[in-house]
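Inside the fold
The primary structure of each chain is shown beneath.
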Amino acid sequence: MHARIRAGDPDAFRELFRDHAQLVFRHAVRTTGDWSAAEDVVSLTFLEAWRLRGKLRDEGESPRPWLMGIAVNVLRNAGRAARRHERALARVPSRDVLPDFADELVGRIADSGELVAAKRALGQLRRAEREVFALCVWSGLGYAEAAEALGVPVGTVRSRLSRARARLRKLTDSGLRRRGGGTEPGGSGGQVQGGRIAAARSNEERTR
């Protein structure tokens, strides 16, 4: 598969897209909170994968870490562009204030007050911690895969994820208290009552 991708085999790229497009999309929509932006990230990720296909190495059984590394870089660039856009808009006199639909979008990902609080708290983490958390917990990559995607040692992934979890627990508790409590909506839906990110943690533990 790796050799076929490097050679620019169209069938290999169709397989790559079929097998991993949803993974990239879920990662992007959870990171950005914007369904439309996530679709753009998917398109740019696979365009970059085609452009960088010659750099795919033979390590590992799957090209998933390589592809997710490209997705992380695309998200970084998109974030910088969004911040530049926001700064430009801030210099323009505002007329009508539009409502913020970020909470609604997060709610479409999972109807859980705790996940909404965790999403807000995630934005307060350092970028390196946020990227490790999103890859390992939300997208289900193992430590080694995340390390390959980010180009850092496995030990760095472990330490960043540990710091991210500790900060998220503190920030999420604080966010839920401000919202007036942390009770889950009726029906667990696979979430752990009062466990904040415990359900997400269990998913990551299975991928080690």
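Up top is the structure.
Residues numbered from 1 in each chain as written. Predicted model: local features only at pLDDT ≥ 70, side-chain atom pairs only at ≥ 80, totals over all residues. Heavy atoms only, no water.

Broken down by element type, the protein chain carries 10 helices and 0 strands. Secondary structure of the protein chain in N-to-C order comes out as α-α-α-α-α-α-α-α-α-α. Within the protein chain, the fraction of its 208 residues that count as buried is 40%. Partitioning the intrachain contacts of the protein chain with sequence separation of at least 6 by distance along the chain shows that 67% fall at a separation of at least 24. Surface summary for the protein chain: the accessible area is close to 11,900 Å², and the carbon and sulfur share equals 50%. (Helix = DSSP H or I, 4+ residues; strand = E, 2+ residues; numbered from the N terminus. Buried < 20%, exposed > 50% of the residue type's maximum accessible area, 1.4 Å probe, protein only. Contact = heavy atoms within 4.5 Å. Areas by Shrake-Rupley, 256 points an atom, 1.4 Å probe, with all protein chains shown as cover.)

All right, on to the nonpolar core then. Ranked by internal contacts, the top residues of the largest apolar core, which has 47 residues, are Trp66, Phe133, Leu135 and Val157. Of all elements in the fold, only helix 2 (10–32), helix 3 (35–51), helix 4 (64–90), helix 6 (113–122), helix 7 (127–138), helix 8 (143–150) and helix 9 (154–178) reach the threshold of two or more residues within this core. Counting residues per element, this core draws most heavily on helix 2, at 9 residues. (Core = buried A, V, L, I, M, F, W, Y, C linked by side-chain atoms within 4.5 Å.)

Honestly, it's all geometry; don't read function into it.
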